[in-house]
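# Structural characterization, general
So the chains spell out like this:
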Amino acid sequence: MLLWASLLLFAPVCGQSAAAHKPVISVHPPWTTFFKGERVTLTCNGFQFYATEKTTWYQHYWREKLTVTPGNTLEVRESGLYRCQAQGSPQSNPVRLLFSSDSLILQVPYSVFEGDTLVLRCHRRRKEKLTAVKYTWNGKILSNFNKSWDLLIPNASSNNNGNYQCFGYGDNNDVFRSNFKMIKIQELFPHPQLKATDSQPTEGNSVNLSCETQLPPERSDTLLHFIFFRDDRVTLSDWSPSRELQLPAIWRENSGSYWCGAETVMGNIHKRSLSLQIHVQRIPVSGVLLETQPTGGQAVEGETLVLVCSVAEGTGYTTFSWHREDTQESLGRKTQRSPRAELELPAIRGSHAGGYYCTADNSYGPVQSALLNITVREISGNRDGLVAAGATGGLLIALLLALALLFHCWRRRKSGVGFSGDETRLPPTPGPGDSSHSIYPAQVELQSLCVDVHPKEGDLMYSEIQTIRLGKEGEAKTSRTLLEDKEVSVVYSEVKTQHPDNSAGEISSKDEESCENEKPRE
């Protein structure tokens, strides 16, 4: 019995354009071994890339034979290597077919890729019945639980490579042995290779990553998903059909080992790339400059001043610090990924005037700016305005009180109230430490106060009226004045009392007459 050993050829991984445009032969039925006299149809696929109506077939067994067909199919009955070619295309990978005269053959598919289900069929000539079938792999017997006598190996991988053979048992205990088949599971796609547009980028620049692999022409329609990682811990993307990833801005802390993974949509085939080291370069800070807002280093008392520290060059996180020249103390610190930072000084005072500088450091050591002198301009109108506002408010209150006093006395006079008493009181004398801006009441003459004819305990008696004249420049000037003077402030005090000469609350006829003779002033 003639034993044939055949090798399933591996489809090489080549460039994207060549692989995509290379024709592929499919076999129907999908085996590589047949009995003599059987017919097999070959189809040359991939013509969508070429405008042609003819196919050239190459057969090589004992000698090369050339056949041209009007379409893309060819029916064959002879053993040999077959290739096809469209007009303007490269030749396809070869397909080896064997037509055997043995009584029992082992049939395997033309191409088996990792992840496929490997199907082995023990086939007898003229479909004669077998009572039992046994398969061996590298001389070891494989269990078979399939009632169709076929051997199924799901999710095939390189672990299933080897020599296969089958044994068939007939009705009369006849034993038939098939030919050997060397099966090599083809790689669906090689381990991907991670590529970067720049493996030593400068901080802040973008980097494009690509996870490159290649499907064989026979499986060019297989869908793959890709994922990207850094240092086995950081996931840069989710699974995606895109084999590219853009990093818009990369920083020194992003330096590390990068790799990618590729897998089939079903997830049964997964492969990762080798690591790619990416070292991000940092530019030290230089050209440190301190400026102010408003510009020119001139501040106005009571307003806000902003110190702006900037660098001409420098990448990554930068720590900015502001200082006074005289005290060397730090006024504030900020760390940020920016070439510019601001520090706000609210409510500037005259004591803030002086020299200032800032420093910037992005891990190479602090770099100091030039000294900037800041002056503070005082506005005298601020203080005078406060004094004037206080004086105006006090005058308004005094006028309101005077009007209330006049109205009160007028009501008392209509109800029989007179005035009594005649005293003069001097204002307190300013001490040596008192400010020249203090306001004191002028010497006043105590007017006759209006009292009830029949006072009661707890009634009010106005004992004095003090008048204050305000100067035009905020300085208090005191003078003795009358109540009707329109440019004075009036201060009065109230005393709850009884008449000193009469505990019963009576007054003399003289006092009463004095009250009665008093006339209201217009």
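Structure's up top.
What comes next concerns the included structure. (Residues numbered from 1 in each chain as written. Predicted model: local features only at pLDDT ≥ 70, side-chain atom pairs only at ≥ 80, totals over all residues. Heavy atoms only, no water.)

## Some remarks on the overall build of the protein chain
The secondary structure content of the protein chain amounts to three helices and 41 strands. Per-residue burial for the protein chain yields a buried fraction of 39% across its 522 residues. Look at the contacts in the protein chain between residues 6 or more apart in sequence, and 62% of them connect residues 24 or more apart. (Helix = DSSP H or I, 4+ residues; strand = E, 2+ residues; numbered from the N terminus. Buried < 20%, exposed > 50% of the residue type's maximum accessible area, 1.4 Å probe, protein only. Contact = heavy atoms within 4.5 Å.)

## Let's talk about the sheet that holds strand 2 (residues 24-28)
Taken in spatial order, the three strands of this open sheet run 2-4-7, and their pairing is antiparallel. Strands at the two margins of the open sheet, each flanked by one partner only, are strand 2 and strand 7 (73-76). Strand-to-strand twist in this sheet, taken as the mean axis angle between neighbours without regard to direction, amounts to 25°. Bridge analysis of strand 2 against strand 4 (residues 40-45) gives five bridges, and the strand direction is antiparallel. For Val27, the partnering residue across the bridge sits in strand 4 and is Leu42. (Pairing = 2+ DSSP bridges. Axes fitted to C-alpha atoms, helices over the stretch in contact; angles between N-to-C directions.)

## Let's talk about the packing of aromatic side chains
Counted under the stated rule, the structure contains two aromatic pairs. Taking 4.3 Å as the distance between ring centres and 15° as the angle between the ring planes, the aromatic pair formed by Phe229 and Trp259 counts as stacked. Here Phe229 is found in strand 20 (residues 224-230), whereas its partner Trp259 is found in strand 23 (residues 256-264), with 30 residues between them in sequence. Its end group placed over the ring of Phe189, Lys271 keeps NZ or CZ at 5.1 Å from the ring centre. (Phe/Tyr/Trp six-rings, centres within 6.5 Å; stacked < 30°, edge-to-face > 60°. Lys NZ or Arg CZ within 6 Å of the ring centre and 35° of its normal.)

## Quick look at a nonpolar patch on the surface
A surface patch of nonpolar side chains, amounting to about 410 Å² of accessible area, comprises Leu396, Leu400, Leu403 and Leu406. As for its position among the elements, Leu396 is in helix 2 (residues 381-414). When its relative accessible area of 52% is taken as the criterion, Leu396 is described as exposed. (Patch = residues over 30% accessible without salt bridge, like charges linked within 9 Å, V, L, I, M, F, W, Y side chains within 5 Å. Areas by Shrake-Rupley, 256 points an atom, 1.4 Å probe, with all protein chains shown as cover. Salt bridge = Lys/Arg side-chain N within 4 Å of Asp/Glu carboxyl O.)

## Here's the deal with the environment of Val40
Along the polypeptide, Val40 turns up in strand 4. Leave out the neighbours within four places in its chain, and Val40 touches Val27, His28, Phe34, Leu74, Glu75, Val76, Leu97 and Phe99.

## Some remarks on the side chain of Thr319
Examined against the element boundaries, Thr319 turns out to sit in strand 29 (residues 318-324). A polar contact is formed between the side chain of Thr319 and the side chain of Thr335, at a distance of 2.9 Å. (Polar contact = N/O pair within 3.5 Å; in protein donor to acceptor, adjacent residues only side chain to side chain.)

## Description of the state of the cysteines
Applying the stated criterion across every chain, the model contains four disulfides. Here Cys122 engages in a disulfide with Cys166; their sulfurs sit 2.1 Å apart. With the S-S bond torsion at 75°, the cross-link from Cys122 to Cys166 turns out right-handed. With Cys122 in strand 11 (residues 118-124) and Cys166 in strand 15 (residues 162-169), the pair connects residues that are 44 residues apart, well separated along the chain. Using a relative accessible area of 9% as the deciding quantity, one classes Cys122 as buried. Residue Cys166 is classed as buried on the basis of its relative accessible area of 0%. Counting its disulfide-bonded cysteines in sequence order, the protein chain shows a connectivity of 1-2, 3-4, 5-6, 7-8. (Disulfide = S-S within 2.5 Å.)

## Some remarks on the pattern of salt bridges
In this structure the tally under the stated criterion is 12 salt bridges. Between Glu253 and Arg282 there is a salt bridge; the shortest N-O distance is 3.8 Å. Placement of Glu253 in the loop between strand 22 (244-247) and strand 23 and of Arg282 in the loop between strand 25 (276-278) and strand 26 (289-293) is noted, with a sequence separation of 29 residues between them. For Arg282, a relative accessible area of 11% gives the class buried. Salt-bridge contacts for Glu342 lead to Arg340; the nearest nitrogen and oxygen are separated by 3.1 Å.

## Let's talk about unusual backbone geometry
Here the bond from His28 into Pro29 is cis, since omega is -5°, no more than 30 degrees from zero. Relative to the helices and strands, Pro29 is located in the loop between strand 2 and strand 3 (33-35). Positive phi, close to 50°, is recorded for Ala347, a residue that is not glycine. Positionally, Ala347 belongs in the loop between strand 31 (340-345) and strand 32 (354-361). Classification of Ala347 by relative accessible area gives partly exposed; the value is 41%.

## Digging into the pairing of strand 12 (residues 132-137)
A regular strand carries its side chains on alternate faces of the sheet. Relative to strand 15, strand 12 runs antiparallel, the two being bridged by six bridges. Each bridged residue has a counterpart across the sheet, and for Lys134 the counterpart in strand 15 is Phe167. Pairing analysis gives three bridges linking strand 12 to strand 13 (residues 140-142), with the strands arranged antiparallel. What sits directly across from Thr136, in strand 13, is Ile141. Here strand 12 folds back onto strand 13, and the loop between the two strands holds two residues, one of which, Asn138, carries a positive phi near 55°.

## Quick notes on the environment of Asn268
Considering the arrangement of structural elements, one finds Asn268 in the loop between strand 23 and strand 24 (270-272). By relative accessible area, Asn268 is classed as partly exposed at 36%. Sequence spacing of Asn268 and Glu114 is 154 residues, and the spatial spacing of their C-alpha atoms is 9.1 Å. The contact partners of Asn268, leaving out residues within four places of it in the chain, are Gly115 and Asn155. In this structure the side chain of Asn268 is engaged in a polar contact, spanning 2.6 Å, whose partner is the side chain of Thr264.

## Thoughts on the pairing of strand 8 (residues 80-86)
The buried count for strand 8 comes to five of seven residues, which makes it a mostly enclosed element. Pairing of strand 5 (residues 55-60) with strand 8, which is carried by six bridges, proceeds in the antiparallel orientation. Within the sheet, the bridge partner assigned to Tyr58 lies in strand 8 and is Arg83. By the bridge criterion, three bridges tie strand 8 to strand 9 (residues 95-100) in an arrangement that is antiparallel. Looking across to strand 9, one finds that Gly80 is bridged to Leu97.

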